[in-house]
Amino acid sequence: TWDKELHKIVFDPRYLLLSVKERRQAFEQFVRTRAEEERREKKDRQKEAKAEFISLLADVGAGVRTSSFSDFSMRHSRDSRFKSLDKMREREAAYNEFIAEQKSKQKKDQRSHVQKVLNFECARLVAAVR
């Protein structure tokens, strides 16, 4: 890339202030920094797109848990939040992850409810014995 970009920067007065070795090092450092920034920006865009897709799933709510991904995708394929993730594989993975989280949350809530009922019944039995 150094050879490709050299003709663009050779007339810049800042270029002449550095030695040949320093010029190349500065360019290499710039390329590394820029590549890192681009990777970070891409990762942030992907996180944002996934968050938009998850918000669609959350808005749809209970209907998601009872349908398959293909049904969901047919119903919501025109939604911009659905299109925010580029690949169908990513959409399906996010969908399955959301469903798994919802099921585990539902099981946890159900266990909590059963525990509360059992505690209440035990307290009632103890009160009745006294």
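It should be emphasised that the depicted structure is a prediction, and the values quoted were computed from it without experimental measurement.

The subject of this paragraph is a positive patch on the surface. Side chains of Lys-42, Arg-45, Lys-87 and Arg-89 sit close together on the surface and give a patch of like positive charge. With respect to the helices and strands, Lys-87 occurs in the loop between helix 6 (80-83) and helix 7 (88-129).

Moving on to the packing of aromatic side chains. Applying the stated criterion across every chain, the model contains six aromatic pairs. Directly above the ring of Tyr-15 sits Arg-23, whose terminal nitrogen or CZ lies 4.2 Å from the centroid.

A separate point is the confidence of the model for the chain. Scored by pLDDT, the chain comes out at a mean of 87, with 96% of its residues at no less than 70. Here helix 4 (residues 62-65) stands out as the least confident element of the chain, with mean pLDDT 64; helix 3 (residues 20-60) is the most confident, with 92.

Quick look at the environment of Arg-23 now. Structurally, Arg-23 is set in helix 3. Separated by 59 residues in sequence, Arg-23 and Phe-82 have C-alpha atoms that sit 46 Å apart. Those residues within four positions of Arg-23 in sequence are excluded, and the remaining contacts are Trp-2, Tyr-15, Leu-16 and Leu-18. A distance of 2.9 Å separates a polar atom in the side chain of Arg-23 from the backbone oxygen of Tyr-15.

How each quantity is defined
Residues numbered from 1 in each chain as written. Predicted model: local features only at pLDDT ≥ 70, side-chain atom pairs only at ≥ 80, totals over all residues. Heavy atoms only, no water. Patch = residues over 30% accessible without salt bridge, like charges linked within 9 Å, V, L, I, M, F, W, Y side chains within 5 Å. Areas by Shrake-Rupley, 256 points an atom, 1.4 Å probe, with all protein chains shown as cover. Salt bridge = Lys/Arg side-chain N within 4 Å of Asp/Glu carboxyl O. Lys, Arg positive; Asp, Glu negative; His and termini not counted. Charge placed at Lys NZ, Arg CZ, Asp CG, Glu CD. Helix = DSSP H or I, 4+ residues; strand = E, 2+ residues; numbered from the N terminus. Phe/Tyr/Trp six-rings, centres within 6.5 Å; stacked < 30°, edge-to-face > 60°. Lys NZ or Arg CZ within 6 Å of the ring centre and 35° of its normal. pLDDT = per-residue confidence, 0-100. Contact = heavy atoms within 4.5 Å. Polar contact = N/O pair within 3.5 Å; in protein donor to acceptor, adjacent residues only side chain to side chain.

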